[in-house]
Amino acid sequence: ESTGGNNGLQLSCAFNIPGVAYTIGHARWHEIRPAYNVLAHSVQWRVRRSLACSLHEMAKILGKETTQRDLLPIFEAMLSDTDEVVVGVIDHLAEFMSQVAPHARTGPLYLLQDVGKAEGKNVIGNWRLRAALSEQLGALS
């Protein structure tokens, strides 16, 4: 249930789903993919942040083809989420992108130009997001 439901249950599922994916392996990903998608679209930012922080591990488990097909759209959506979710993705950006085929990296990397961007003329923006992004640049190159 993505509308709130049991707050603790969704968060617990989000925290543990990488372990479940590791245990059942890539071949059985299709069995938990619907649950992963429900969690990725949860109204609770803490649930989405937990997935964001482990997205790179899920990519390692699932491999490049499945990452590109199933996780890349979630990655892109998370880059436009709350700052708490975005920083979870950015902290392991290079590790995640290493699991994406080179020809598919351009689009998602283009989205990074808006990370931490100020929304108004007199607004500084989120410097923590920009700092986290700058720490990943060396590994991305």
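Residues numbered from 1 in each chain as written. Predicted model: local features only at pLDDT ≥ 70, side-chain atom pairs only at ≥ 80, totals over all residues. Heavy atoms only, no water.

On to the confidence of the model for the protein chain, then. A residue-level look at the protein chain finds 83% of positions with pLDDT of 70 or above and a mean pLDDT of 86. Confidence scores differ between elements of the protein chain, with helix 6 (residues 106-110) showing the lowest mean pLDDT of 70 and helix 2 (residues 29-40) the highest of 97. (pLDDT = per-residue confidence, 0-100. Helix = DSSP H or I, 4+ residues; strand = E, 2+ residues; numbered from the N terminus.)

Turning next to helix 7 (residues 127-140). Its 14 residues place the ends of helix 7 20 Å apart at the C-alpha level, agreeing with the 20 Å of an ideal helix rising 1.5 Å per residue. For helix 7, the full list of buried residues reads Leu129, Ala132, Leu133 and Gln136. Tucked into the core, helix 7 has its buried residues touching helix 4 (83-90) and helix 5 (93-97). (Expected span 1.5 Å × (residues − 1). Buried < 20%, exposed > 50% of the residue type's maximum accessible area, 1.4 Å probe, protein only. Contact = heavy atoms within 4.5 Å.)

Scanning all chains against the criterion turns up two aromatic pairs. For the pair Phe75 and Phe96, a centre-to-centre distance of 4.6 Å together with 15° between the ring planes defines the contact as stacked. Residue Phe75 is found in helix 3 (residues 45-78), and its partner Phe96 is found in helix 5; the two are separated by 21 residues along the sequence. (Phe/Tyr/Trp six-rings, centres within 6.5 Å; stacked < 30°, edge-to-face > 60°.)

What the rule picks out here adds up to six salt bridges. A salt bridge links Asp81 to Arg48; the nearest nitrogen and oxygen atoms lie 2.6 Å apart. Remark: Arg48 occurs in helix 3 and Asp81 occurs in the loop between helix 3 and helix 4; sequence separation between them is 33 residues. Judged by relative accessible area, which is 10%, Arg48 ranks as buried. Look at the salt bridges and you will find they share partners, linking Arg33, Arg69 and Asp70 into a network. (Salt bridge = Lys/Arg side-chain N within 4 Å of Asp/Glu carboxyl O.)

With 33 residues, the main nonpolar core has Tyr36, Leu51, Leu71, Phe75, Met78 and Phe96 as its most contacted residues. If you tally residues by element for this core, the top one is helix 3, at 12 residues. (Core = buried A, V, L, I, M, F, W, Y, C linked by side-chain atoms within 4.5 Å.)

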